[in-house]
2 protein chains.
Amino acid sequence: MPVQLIDRTPGAYAYPLLIKQLLHTPLAIAPEQEITYLGGRRHSYRVLRERIGRLASALAGLGIEAGHTVAMMDWDSHRYLDCFFAVPMMGAVLQTVNVRLSPEQILYTLNHARADVVLVNAEFLPILAEIAPRLESVRRFVLIEDAPAAGPAPVAFVGEYEALLAAASPDYDFPDFDENAKATTFYTTGTTGVPKGVYFSHRQLVLHTLSTAAAFGNAPVQGRLHRDDVYMPMTPMFHVHAWGMPYVATMLGLKQVYPGRYVPEILLKLIRDEGVTVSHCVPTILHMLLVHPLSKVIDLSRWKLMIGGSALSQALAKSALERGIDVFTGYGMSETCPILSVAHVPTEALGAPLAEQAVLRARTGRPMPLVDLRVVDRDLADLPHDGHTTGEVVVRSPWLTQGYLHNPEASAELWEGGVLHTGDIGYIDAEGFLQITDRIKDVIKTGGEWTSSLQIEDVVAQHPAVADVAVIGVPDPRWGERPRALVTLRPESVGQVSEHDIRNFAARLIESGGISRYGVLLQVQFVEALARTSVGKLNKRAMREAQE
Amino acid sequence: MPVQLIDRTPGAYAYPLLIKQLLHTPLAIAPEQEITYLGGRRHSYRVLRERIGRLASALAGLGIEAGHTVAMMDWDSHRYLDCFFAVPMMGAVLQTVNVRLSPEQILYTLNHARADVVLVNAEFLPILAEIAPRLESVRRFVLIEDAPAAGPAPVAFVGEYEALLAAASPDYDFPDFDENAKATTFYTTGTTGVPKGVYFSHRQLVLHTLSTAAAFGNAPVQGRLHRDDVYMPMTPMFHVHAWGMPYVATMLGLKQVYPGRYVPEILLKLIRDEGVTVSHCVPTILHMLLVHPLSKVIDLSRWKLMIGGSALSQALAKSALERGIDVFTGYGMSETCPILSVAHVPTEALGAPLAEQAVLRARTGRPMPLVDLRVVDRDLADLPHDGHTTGEVVVRSPWLTQGYLHNPEASAELWEGGVLHTGDIGYIDAEGFLQITDRIKDVIKTGGEWTSSLQIEDVVAQHPAVADVAVIGVPDPRWGERPRALVTLRPESVGQVSEHDIRNFAARLIESGGISRYGVLLQVQFVEALARTSVGKLNKRAMREAQE
């Protein structure tokens, strides 16, 4: 027999999962809550709702309809939050443009996504000047100005963002439509080939928002999110919806602080002056803040900080803990909306010494509600949750990109066997914690065995002279590959320590840690800086190429 | 232009919202967590998962398939939790039978829902004996026994529940299917006419679970739910899925305690011995517990208690607060899965005296995520959120019954104008708190004005001699209706106080409270007991009829 589908009374509201539905609760319970840009401009959720209507009216006035694509080029701002809601709520698609890509890559993504209109911060006019003549689908440009512009415009703007909003009606009748409508799109900044477009539906974003709110809300003590929190993103809004947290913060009616471009001094002052209690960033940003003098004099002990994008090293976790920051790992990627797992520390472990807690907080975490996350062998069979057997991390959840835009081959590879392949290698322990050990493509294959470059990085990073480290595999005639640590030194240590010192330090630790072969084979090389991708991740492909 | 639907790569998993998907997280993060029945029997989530497989295999062995209906007649038990998952996960429908209805009503609901199999606790065999010959669709009976039975069985049982599970395979391949498949059905126990069947899909239950977890998790301090909690229901599992909390508790991997039939002494001992920290019940049950001698000597200060089903009086809230119980209101009904709003107290009000807090905790609450809750006039236009203008409460959310089973007229009335009509009268204040003042049919209409019977009940309840009170409207030649308070006295006050004393006490308070006309018109009448429905709600219809 088939299942019985529920009978729907004519007139009963079937309630599609649309982004607009996230606004019901905050408007009901927190209409006067604040949203601030840089601590200067501030307005209420009631005004946010009006701005969403005004932006939709203004875009409609420019000919934008359901199905069109609106591209946004801005730093993290109240305007970006308007767009997170207004554009999808119209039935249009919001393209969040990675402004750190090269102009050629930005051009590629705008043409590939068939953007109809571009909203662009004046800061990016030089990029626009370079690519405008080659844009294939863009018909209109809207200027975003924090201050009146100095020079002539490289394209004909239909107007300035705030002026357009002021002139438009706040009343816009946001329609219901299929919850599988595309809401957002953006491009992964992988280290190989051209950028790949991922895309998310209204349904996916609503479900990601609900599950994230539940996962963070139900944390017993450490890292928990609640309605008295004050939120500030430090992962760009153009990058995987700032990890989806602006949607979560809005649904819960939190005070929100948008910091513009990430300038350490500004970020630290906003934390202090606006009472920020919850943020997220990549390790590089955390490192930048911790070395800034202001961070020594600002109270960071009320600040929860989720780290993702790259692995949180135990050393960095410990540094943050010593400042009183409640630091912990979140895991996900562009393809996964992004959040899959969070390393909330079990209550009974919160009394442990900071060094032990750093280990727990640097784990990749446990899956959020509805996330079916597995570590599997090549046949997609589950591997034991024994805390050491590694395999590929594959996942199912309701918020995974259903493919790459206009790229069926890469899409088929992503979804091979009906599961999304993260490309990460890891293991799961008996408590259900996942630990990523490496990217499949960054694993070092020595004498037929795989080992984790991250594990070696963690060891090298323990030397007090080391500022940053990346371990890559380099060809070796006997072993196939051997590990090489590219190291940047702390300024005060330059000239005080040799490559040999670091190597011996690390080799001894490695040997005592039971991965002895890698201690013998390890090489250390000092470099000025580590190659990174446009979003600040270590670019090991570039590092390997530079070795050739 | 139409919206762009997201492209799905062939092989990409579209992830239907099915009840089985709630199990991924607890099995990953809390496989050894406990579920106990009465503090005696206990097993892990790992075993729960096996039992779900075994139950499905056993039911399949009885010929149960997708689309069939499995009726459950039991008190709150680990077996009921098995059924909450196994039956819908097969694609079948779980009918949760209200065992407090009359045998004739139970017969009606089993025939009306076309139940195929009935799982029945031995305690209800007298009911079964009475109705079995008239059951129209039931083909099989499964016996549930806490202890070996004494007498002969009234029907031929295919076996005993635990024996069937022990003999069945834990491996059952739960298929994917349409998330709009019906998962559960049960009957409202209204005070008018025959019971009406409501029904909920997998999608609806998953979304209710996520939103409830988020709403309770993100409460800043008071009434918040987290993964260290220990859950025990005190609203029956047959009644609106025990308010959906067993699904929430399971998704979060909480320790769960099932108490069987609600016996105050057993409930209190389970709270003490199993460390229960979160429950929910109707006011009557709370009252029963507070008057039980054991409650005086058991520490209840770690216990969060959501009250629903009937209004929480400020007097009862204060009594509970004085015992250290974190008591607060949740709002919903059979038609709404059920939860719509929760009266979490804002952090800044938690330092207020208990009497003030009782007021806040007795409010109807603020809407959960995705709930679009409005108070409207007859034309469905929004009324101001001014804290006093009353109208009907109408609602949209993703988890509302889409009709009444086989009852198009009542369904059309429920969904008139595309919103679900709660039948409740209330107002919303500037902070977004809803306050239900009455049922539409229980409002007292005096001289062309409406007033709230609950408001007058709260005043009368403040007299120290009053044990319980219900206010109804009785016909009056001049005013149309006037309020009459039916009062039960505390045992020690019987004979010590007159109806006149109570009336004067209340009238004075009413006059000072600014609803003076009702003070003059109020009548008080002592009664032995207040009429209640099968689930313990005040039955004002019966009271009014008894006056005629």
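Worth saying up front: this structure is predicted, and the values here are computed from it rather than measured. (Residues numbered from 1 in each chain as written. Chains lettered and ligands numbered in written order. Predicted model: local features only at pLDDT ≥ 70, side-chain atom pairs only at ≥ 80, totals over all residues. Heavy atoms only, no water.)

Enquirer: Would you take a moment to explain the overall build of chain A for this structure?
Expert: In terms of regular secondary structure, chain A is built from 19 helices and 25 strands. Here the C-alpha coordinates of chain A stretch approximately 70 × 70 × 45 Å along the principal axes. Per-residue burial over chain A gives 62% buried out of 548 residues. Looking at chain A alone, contacts between residues at least 24 apart form 68% of all its contacts between residues at least 6 apart. Distance from the positive charge centre (49 side chains) to the negative charge centre (60 side chains) of chain A: 2 Å. (Helix = DSSP H or I, 4+ residues; strand = E, 2+ residues; numbered from the N terminus. Buried < 20%, exposed > 50% of the residue type's maximum accessible area, 1.4 Å probe, protein only. Contact = heavy atoms within 4.5 Å. Lys, Arg positive; Asp, Glu negative; His and termini not counted. Charge placed at Lys NZ, Arg CZ, Asp CG, Glu CD.)

Enquirer: I'm lost on the packing of helix α16 (residues 453-460) of chain A against helix α17 (residues 499-512) of chain A in this one. Help?
Expert: When two helices pack together, their arrangement is given by the angle between the helix axes and the distance between those axes. Residues and elements named next belong to chain A. Look at α16 against α17: their axes get within 9 Å of each other, and the N-to-C directions meet at 120°. Crossing of α16 against α17: the hand is right-handed. Contacts between α16 and α17 involve Ile456, Val459 and Val460 on the former and, on the latter, Ile502, Phe505, Ala506, Leu509 and Ile510. (Axes fitted to C-alpha atoms, helices over the stretch in contact; angles between N-to-C directions. Left-handed = near helix turned anticlockwise from the far one by under 90°.)

Enquirer: What's the story with the pairing of strand β1 (residues 34-37) of chain A in this structure? I'm lost.
Expert: A regular strand carries its side chains on alternate faces of the sheet. All names here are of chain A. For β1 and strand β2 (residues 41-44), the ladder comprises 4 bridges, and the chain directions are antiparallel. When the bridges of β2 are listed, isoleucine 35 appears paired with histidine 43. The turn linking β1 back onto β2 is made up of 3 residues, and leucine 38 within it adopts a positive phi angle of 65°. Alignment of β1 against strand β11 (residues 255-258), held across 3 bridges, turns out to be parallel. (Pairing = 2+ DSSP bridges.)

Enquirer: Explain the relation of the copies chain B and chain A to me, please; I cannot follow it from the model alone.
Expert: Of the two same-sequence chains, chain B is brought onto chain A (RMSD 0.1 Å, axial shift 0.0 Å) by a rotation of 180°. Such values leave the two copies arranged in the relation of a two-fold axis. Mapped onto chain A, 100% of the interface residues of chain B are again interface residues, and the two copies thus contact each other with one and the same surface. (Least-squares fit on C-alpha atoms with pLDDT ≥ 70 in both.)

Enquirer: Sorry if this is basic, but what is going on with the interface of chain B and chain A here?
Expert: Often, the extent of an interface is quoted as the loss of accessible area on bringing the components together. Between chain B and chain A, the contact holds 79 residues from the first and 79 residues from the second. Where chain B abuts chain A, roughly 6600 Å² becomes buried across the two surfaces, and 56% of that area is made up of carbon and sulfur atoms. Broken down residue by residue, the surface that chain B buries against chain A is led by Asn218, Leu370 and Gln402 of chain B, which jointly contribute 11%. Applying the counting criterion to the chain B and chain A interface returns 2 salt bridges. Across the pair arginine 203 of chain A and glutamate 179 of chain B runs a salt bridge, and its minimum N-O distance is 2.7 Å. (Buried area = accessible area lost by both parts, 1.4 Å probe. Salt bridge = Lys/Arg side-chain N within 4 Å of Asp/Glu carboxyl O.)

Enquirer: I would appreciate a short explanation of the confidence of the model for chain A in the present structure.
Expert: In regions of low pLDDT, the predicted coordinates are not meant to be interpreted in detail. Averaged over chain A, the pLDDT score is 93; the fraction of residues at 70 or greater is 97%. The ipTM assigned to the predicted complex is 0.89, against a pTM of 0.89. (pLDDT = per-residue confidence, 0-100.)

Enquirer: Any chance you could explain the sheet that holds strand β6 (residues 140-144) of chain A here in plain terms?
Expert: Paired through their backbone hydrogen bonds, the strands of a sheet run either parallel or antiparallel. Residues and elements named next belong to chain A. Strands sit in the order β7-β6-β5-β3-β4-β8-β9 across an open sheet of 7 strands; the sheet is mixed. The open sheet has two free edges, formed respectively by β7 (159-160) and β9 (196-201), since each of these has just one partner strand. Of the strand pairs in this sheet, strand β5 (residues 117-121) and β6 are connected by 5 bridges, and their pairing is parallel. Directly across from asparagine 121, in β6, lies its bridge partner isoleucine 144. Here helix α3 (residues 78-89) sits on the sheet and contacts β3 (69-73), β4 (93-96), β5, β6 and β8 (182-188); the angle it forms with β4, its principal contact strand, is near 145°.

Enquirer: Even after reading the chapter, I still don't get the side chain of threonine 235 of chain B, so can you show me in this structure?
Expert: Residues and elements named next belong to chain B. You can see threonine 235 is positioned in the loop between β10 (230-231) and α8 (240-243). Exposure remark for threonine 235: the relative accessible area of 2% places this residue in the buried category. Threonine 235 has contacts with Asp76, Ala242, Trp243, Tyr262, His280 and Cys281, leaving out every residue within four places of it along the chain.

Enquirer: Help me out: how do you make sense of the packing of helix α11 (residues 283-291) of chain A against helix α13 (residues 314-322) of chain A in this one?
Expert: Residues and elements named next belong to chain A. Taken N-terminus to C-terminus, the directions of α11 and α13 make an angle of 45°; their axes are 11 Å apart at the nearest point. In terms of orientation, α11 lies oblique with respect to α13. You can see that α11 and α13 cross each other, and the crossing is left-handed. Every residue of α13 that contacts α11 at Pro283, Leu286, His287 and Leu290 is listed here: Leu316, Ser319 and Ala320. Its residues placed into classes, the contact of α11 with α13 shows 5 nonpolar, 2 polar and no charged. (Parallel < 35°, antiparallel > 145°, perpendicular 65-115°, else oblique. Nonpolar A, V, L, I, M, F, W, Y, C, P; charged D, E, K, R; others polar.)

Enquirer: Whenever I open this one, the sheet that holds strand β18 (residues 391-396) of chain B confuses me. Can you help?
Expert: Residue and element names in this part refer to chain B. A sheet is described by the order of its strands in space; here 4 strands give the open sequence β17-β18-β19-β20, paired in antiparallel fashion. The outermost strands of the open sheet, each flanked by one partner alone, are β17 (372-376) and β20 (434-439). Averaged over all pairs of adjacent strands, the angle between strand axes in this sheet comes to 45°, irrespective of strand direction. As paired elements, β18 and strand β19 (residues 420-428) share 4 bridges and run antiparallel to each other. In the sheet register, glutamate 392 faces β19, and the bridge partner there is isoleucine 425.

Enquirer: I tried to follow the domain arrangement of chain A on my own but got confused; where do I start?
Expert: Each assigned domain of chain A is listed here: domain 1 (25-199) and domain 2 (444-547). Each of domain 1 of chain A and domain 2 of chain A has a C-alpha centre, and the two are 41 Å apart. (Domains from an automatic or database assignment.)

Enquirer: Would you mind going over the nonpolar core with me for this structure?
Expert: Most often, soluble globular proteins have nonpolar side chains that are buried together. Grouped together as the largest cluster of nonpolar side chains are 229 residues, with contacts concentrated most on Leu59, Phe85 and Leu119 of chain A together with Leu59, Phe85 and Leu119 of chain B. Beyond its immediate stretch of four places on either side in the chain, leucine 119 of chain B contacts Leu59, Val70, Ala71, Met72, Met73, Cys83, Val142, Ile144 and Tyr161 of chain B. (Core = buried A, V, L, I, M, F, W, Y, C linked by side-chain atoms within 4.5 Å.)

Enquirer: Sorry, what's going on with the environment of glutamate 50 of chain B here?
Expert: Among the secondary structure elements, glutamate 50 of chain B is positioned in helix α2 (residues 45-61). Sequence-wise, glutamate 50 of chain B and proline 170 of chain B are 120 residues apart; in three dimensions their C-alpha atoms are separated by 4.9 Å.

Enquirer: Looking at this model, I keep getting lost on the packing of aromatic side chains. Mind explaining?
Expert: Two measures describe an aromatic ring pair: the distance that separates the ring centres and the angle between the ring planes. Residues and elements named next belong to chain A. Summed over all chains, the structure comprises 18 aromatic pairs over all chains. Three or more aromatic residues link up through ring pairs in this structure, and these residues are Tyr80, Phe84, Phe85 and Tyr247. Taking NZ or CZ as reference, lysine 196 lies 5.0 Å from the ring centre of tyrosine 404, over its face. (Phe/Tyr/Trp six-rings, centres within 6.5 Å; stacked < 30°, edge-to-face > 60°. Lys NZ or Arg CZ within 6 Å of the ring centre and 35° of its normal.)

Enquirer: Can you walk me through the side chain of arginine 79 of chain B in this structure?
Expert: Residue and element names in this part refer to chain B. By secondary structure assignment, the location of arginine 79 is in helix α3 (residues 78-89). Take arginine 79: its relative accessible area is 2%, and that puts it in the buried class. A distance of 3.2 Å separates the side chain of arginine 79 from the side chain of tyrosine 37, its partner in a polar contact. Apart from residues lying up to four places away in sequence, arginine 79 is in contact with Tyr37, Arg51, Met72, Asp74, Asn121, Ile144, Glu145, Asp146, Tyr161 and Glu162. (Polar contact = N/O pair within 3.5 Å; in protein donor to acceptor, adjacent residues only side chain to side chain.)

Enquirer: Can you walk me through the environment of phenylalanine 216 of chain B in this structure?
Expert: Residues and elements named next belong to chain B. With respect to the helices and strands, the residue phenylalanine 216 is situated in helix α7 (residues 202-217). Linking phenylalanine 216 and methionine 368, residues 152 residues apart in sequence, is a C-alpha distance of 8.7 Å. Residue contacts for phenylalanine 216: discarding those within four places in its chain leaves Gly223, Arg224, Leu225, Met306, Phe328, Ile339, Val342 and His344.

Enquirer: It is not clear to me how unusual backbone geometry should be interpreted in this structure. Could you clarify?
Expert: Across the chain, the bulk of peptide bonds are trans and the bulk of non-glycine residues have phi less than zero. Between cysteine 337 of chain A and proline 338 of chain A the backbone carries a cis peptide bond, its omega angle lying at 15°. Along the chain, proline 338 of chain A turns up in the loop between β14 (326-332) and β15 (339-342). Positive phi is not limited to glycine here, since leucine 38 of chain A has a value of about 65°. With respect to the element layout, leucine 38 of chain A can be found in the loop between β1 and β2. Within the chain, alanine 242 of chain B stands out as a residue other than glycine whose phi angle is a positive 45°.

Enquirer: Would you take a moment to explain the state of the cysteines for this structure?
Expert: Note on terminology: a disulfide is the covalent bond linking the sulfur atoms of two cysteines. Residues and elements named next belong to chain A. Scanning the model with the defined rule gives 0 disulfides over all chains in all. The thiol sulfur of cysteine 281 is not disulfide-bonded, and the nearest other cysteine sulfur, from cysteine 337, lies at 20 Å. According to the relative accessible area criterion, cysteine 281 is buried, its value standing at 0%. Residue cysteine 337 stays outside any disulfide, its sulfur separated by 18 Å from that of cysteine 83, the closest cysteine. (Disulfide = S-S within 2.5 Å.)

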